[in-house]
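# Architecture and fold: a report
What follows is each chain in one-letter form.
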Protein chains: 2
Amino acid sequence: MYKENYPSRLLADAVDAINMLPGVGRRSALRLALHLLRQPQENVHHFTSAINSLRDEVKYCRICRMISDDEVCSVCSDLSRDRNTICVVESVRDVMSIENTGQYHGLYHVLGGIISPINGVGPSDLTIRELVARVEALCGLEDIERDKIEVILALSGDVEGETTSFYIYRQLEKFGVKVSSLARGLGFGDDLEYADELTLGRSIANRQIFRP
Amino acid sequence: MYKENYPSRLLADAVDAINMLPGVGRRSALRLALHLLRQPQENVHHFTSAINSLRDEVKYCRICRMISDDEVCSVCSDLSRDRNTICVVESVRDVMSIENTGQYHGLYHVLGGIISPINGVGPSDLTIRELVARVEALCGLEDIERDKIEVILALSGDVEGETTSFYIYRQLEKFGVKVSSLARGLGFGDDLEYADELTLGRSIANRQIFRP
């Protein structure tokens with residue numbers, strides 16, 4: 001029998017690497033490794049270089065921190081969108097989910113995480129300072145009334161999401177802008193990522209003023 | 001909404017590439033791509049280079065065509081194994097499965113596929129010629145009697161497996177060596193009630209003397 005069950009160190013290394021992906025067990029990792037081994041070399045190189053390019057070359061929009069191919073993302077540079085509404089989300093995936101509902105026409109702000117003392121994530125690890133600066137800059141524009149500016153806190157309904165919403169609310173309070181949160185059509189503790197589009201779309205349409 | 005649902009061409013390309021893996025849908029591919037995007041750059045490079053190394057550097061044993069780190073694999077170079085028995089299998093995965101049983105102590109021969117006219121795979125696409133040469137060389141050794149040499153055809157029980165077994169059998173017939181195939185019958189612990197009729201029929205036809 002093989003040492004550690006693999007006939008080749010290279011195969012064992014590849015299985016170890018693929019096994020690190022979430023939701024991929026060792027058996028699936030072996031199946032995927034052997035599949036890749038059977039593919040033409042250029043296909044495998046295309047596969048790995050697409051992943052390397054994503055990790056190495058992707059840009060983050062300098063306004064909303066969404067991933068983007070350019071300095072400013074396609075949402076932020078779309079002049080037909082409502083520039084006085086900013087939807088604050090945890091991740092890139094959440095922006096994609098909300099865009100897929102077709103219900104929202106404002107801009108976004110990607111926090112890049114959520115306040116979570118257990119995981120060692122504090123406010124300064126997120127893009128909250130940048131959000132505050134965006135709102136401050138909006139308020140400074142001459143032709144805008146402050147009650148026309150709205151920040152939608154579209155974070156998960158769990159304790160960490162509520163904590164983060166509350167923290168951001170306190171940061172924005174002084175500007176006198178409208179701060180809303182998603183309607184709780186979402187079940188308590190539901191992740192945005194797994195919500196169906198109808199529920200998520202309604203949650204945006206029925207968003208309510210944030211009252212802590 | 002995003003063009004083609006992706007905020008970045010790099011992300012779309014990575015999802016396309018990951019989506020090519022067997023059993024990975026577009027939703028899972030997106031989840032994996034965003035996971036990789038969140039990992040430290042060196043982890044992603046480790047992941048892709050493990051896969052590139054596997055594809056680019058893996059060797060195939062020059063005797064049995066099993067994947068190997070060396071010219072000759074660990075099974076073929078293990079002098080304690082029975083060198084007069086060759087187990088013919090379709091793939092690398094099959095060798096690993098049989099090794100995991102711990103029941104087999106002979107050598108292997110990996111065909112690299114199965115005869116399948118529908119998929120355009122003929123005998124010359126497999127390592128059948130190499131198998132015949134191995135058996136011929138074994139027969140040429142002075143100290144071996146031909147009925148001590150055995151080739152086990154361990155191929156699938158479907159039409160393509162049976163066709164390939166028959167083709168190989170005809171190629172080896174002239175050497176007068178023993179050619180066997182895997183026992184077909186009920187799985188260990190299977191209920192008669194749930195067995196398909198073909199399997200049950202063969203289990204009856206190939207019944208063995210009961211030796212408690």
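Residues numbered from 1 in each chain as written. Chains lettered and ligands numbered in written order. Predicted model: local features only at pLDDT ≥ 70, side-chain atom pairs only at ≥ 80, totals over all residues. Heavy atoms only, no water.

### Things to note about the confidence of the model for chain A
Residues and elements named next belong to chain A. This is how it is decided: Confidence scores here are pLDDT values: one per residue, from the predictor, ranging 0 to 100. Put simply, DSSP marks the helices as runs of H or I at least four residues long and the strands as runs of E at least two long, and each gets a number from the N terminus on.
Of all residues in chain A, 95% have pLDDT values of 70 or greater, and the mean over the chain is 89. No element of chain A has a lower mean pLDDT than strand β7 (residues 208–209), which averages 74, and none a higher one than strand β4 (residues 106–110), which averages 97. In the predicted assembly, ipTM is 0.83 and pTM is 0.79.

### Examining helix α1 (residues 9–19) of chain B
What counts, and what does not: Only protein chains enter the accessibility calculation, which uses a 1.4 Å probe. A residue is then buried if its area is under 20% of the maximum for its type, exposed if over 50%, and partly exposed in between. Residue contacts are counted whenever heavy atoms from the two residues lie within 4.5 Å of one another. As used in this structure description, the phrase polar contact means that two N or O atoms lie within 3.5 Å; if the pair is within protein, one of them must be able to donate a hydrogen and the other to accept it, and residues adjacent in sequence are counted only when both atoms belong to side chains.
Listing the buried residues of α1 of chain B in full gives Leu10, Leu11, Ala12, Ala14, Val15, Ala17 and Ile18 of chain B. Where α1 of chain B is buried, its residues meet α3 (41–57), β2 (67–68) and α4 (92–101) of chain A together with α2 (26–38) of chain B. Of the residues flanking the start of α1 of chain B, the one acting as N-cap is Ser8 of chain B, its side-chain oxygen 3.1 Å from the backbone nitrogen of Leu10 of chain B.

### Digging into the interface of chain A and chain B
Stated formally: Using a 1.4 Å probe, buried area is obtained as the accessible area two parts lose upon being combined, added over both of them. Salt bridges are counted wherever a side-chain nitrogen of Lys or Arg sits within 4 Å of a carboxyl oxygen of Asp or Glu. Amino acids are sorted into nonpolar (Ala, Val, Leu, Ile, Met, Phe, Trp, Tyr, Cys and Pro), charged (Asp, Glu, Lys and Arg) and polar (every other residue, Gly among them).
With 57 residues of chain A at the interface, the matching set in chain B holds 56 residues. When the two sides are added together, the surface that chain A and chain B hide from each other amounts to roughly 5,400 Å², 68% of it contributed by carbon and sulfur. Our count for the chain A to chain B interface comes out at 0 salt bridges. Only α1 (9–19), α2 (26–38), α3, β2 and α4 of chain A provide two or more residues apiece to the side of chain A that touches chain B. Considering each element in turn, the side of chain A that touches chain B owes the most residues, 13 residues, to α3 of chain A. The residue inventory of the side of chain A that touches chain B, partitioned by class, reads 32 nonpolar, 13 polar and 12 charged.

### Re the pairing of strand β5 (residues 150–153) of chain B
Condition: Assignment of crossover handedness uses the view with strands pointing away from the viewer, where a clockwise path from the first strand over the helix to the second indicates a right-handed crossover.
Going residue by residue along β5 of chain B, you find Glu150 and Ile152 of chain B tucked away on one face and Val151 and Leu153 of chain B tucked away on the opposite face as well. Taken together, β5 of chain B, helix α6 (residues 159–172) of chain B and strand β6 (residues 178–181) of chain B constitute a β-α-β crossover, and its handedness is right-handed.

### Quick notes on empty space enclosed by the protein
So the rule is basically this: Only protein atoms enter the calculation, which uses a 1 Å grid: trapped sets of points that fit a 1.4 Å probe without letting it out are cavities, open sets showing protein on both sides within 12 Å along at least five of seven lines are pockets, and any residue with an atom within 4 Å of a point is a lining residue. Grid points are joined across faces, edges and corners, and a volume is the space filled by probe spheres set on the points.
This structure, assessed with the given rule, holds 1 cavity of 30 Å³ or more. In this structure, the largest cavity encloses a volume near 30 Å³. Residue lining of the largest cavity: Ile18, Leu21, Leu32, Leu36 and Phe47 of chain A together with Leu21, Phe47 and Ile51 of chain B, and that is the complete set. Those elements giving two or more residues to the lining of the largest cavity turn out to be α2 of chain A together with α3 (41–57) of chain B. Class assignment for the residues of the lining of the largest cavity results in 8 nonpolar, no polar and no charged.

### Here's the deal with the pattern of salt bridges
Residues and elements named next belong to chain A. Counting across every chain of the model gives 12 salt bridges over all chains. One salt bridge connects Glu99 with Arg81, and the closest N-O pair in it is separated by 2.8 Å. Residue Glu99 is found in helix α4, and its partner Arg81 is found in the loop between β2 and β3 (82–89); the two are separated by 18 residues along the sequence. Exposure remark for Glu99: the relative accessible area of 2% places this residue in the buried category. One salt bridge in this structure joins Glu145 and Lys148, with 4.0 Å as the shortest N-O distance.

### Brief notes about the side chain of Ser68 of chain B
Positionally, Ser68 of chain B belongs in strand β2 (residues 67–68). Apart from the residues lying within four places of it in its own chain, the contact partners of Ser68 of chain B are Pro7 and Ser8 of chain A together with Val58, Lys59, Cys61 and Cys73 of chain B.

### Brief notes about the sheet that holds β6 of chain B
Residues and elements named next belong to chain B. Here is the rule: DSSP bridges decide pairing: two strands pair if at least two such bridges lie between them. Throughout, an axis means a line fitted to C-alpha atoms (over the contacting stretch in the case of helices), and angles, computed between N-to-C directions, take values from 0 to 180 degrees.
The sheet built from 4 strands is open, its strands ordered β4-β3-β5-β6 with parallel pairing. Edge positions in the sheet fall to β4 (106–110) and β6, since each of these pairs with one other strand and no more. Between one strand axis and the next, the sheet turns by 25° as a mean value, whatever way the strands run. Where β5 lies against β6, 4 bridges are found, and the strand directions are parallel.

### Concerning the sheet that holds β7 of chain A
Strand pairing in a sheet takes place through backbone hydrogen bonds and is either antiparallel or parallel in direction. All names here are of chain A. One open sheet accounts for 5 strands, arranged β4-β3-β5-β6-β7; its pairing is mixed. Among the strands making up the open sheet, the edge pair consists of β4 and β7. Where β3 lies against β4, 5 bridges are found, and the strand directions are parallel. Opposite Asp82, over in β4, you have Gly106 as the bridge partner. Set on the sheet, α4 makes contact with β3 and β4; between it and β4 the angle comes to about 160°. Contacting β3, β4 and β5 (150–153), helix α5 (residues 128–140) crosses the sheet at an angle of about 165° to β3.

### Structural notes on the pairing of β4 of chain A
Within β4 of chain A, 5 of the 5 residues are buried, which leaves the element mostly enclosed by the surrounding structure. Tracing the backbone out of β3 of chain A, into α4 of chain A and back to the parallel element β4 of chain A gives a crossover that is right-handed.

### Digging into unusual backbone geometry
One non-glycine residue, Arg65 of chain A, lies in positive phi territory at about 70°. Within the fold, Arg65 of chain A resides in the loop between β1 (59–60) and β2.

### Thoughts on the UniProt feature "zinc finger region: C4-type" (unreviewed entry) in chain A
Counted only if it meets this: UniProt positions are given in the numbering used here, feature names are shortened, and annotations may be inferred rather than shown by experiment.
On the UniProt side, "zinc finger region: C4-type" (unreviewed entry) is annotated at positions that read residues 61–76 of chain A here. Spanning residues 61–76 of chain A, this segment combines 0% helix with 12% strand, and its end C-alpha atoms are found 8 Å apart.

### A word on helix α6 (residues 159–172) of chain A
Residues three or four positions apart in an α-helix share a direction because the helix packs 3.6 residues into each turn. All names here are of chain A. Keep this limit in mind: Given a helix with a known number of residues, its expected span is that number minus one, times 1.5 Å. Here the arc refers to the directions that run from the helix axis out to each C-beta atom.
Taking 1.5 Å as the rise per residue, α6 with 14 residues should run 20 Å; its terminal C-alpha atoms sit 20 Å apart, in good agreement. Of the residues making up α6, those classed as buried are Gly161, Thr164, Ser165, Ile168, Tyr169 and Leu172. For α6, the buried positions fall inside an angular range of 140° around the axis, keeping them on one side. Of the surrounding elements, those touching the buried residues of α6 are β3, α5, β5 and β6 (178–181).

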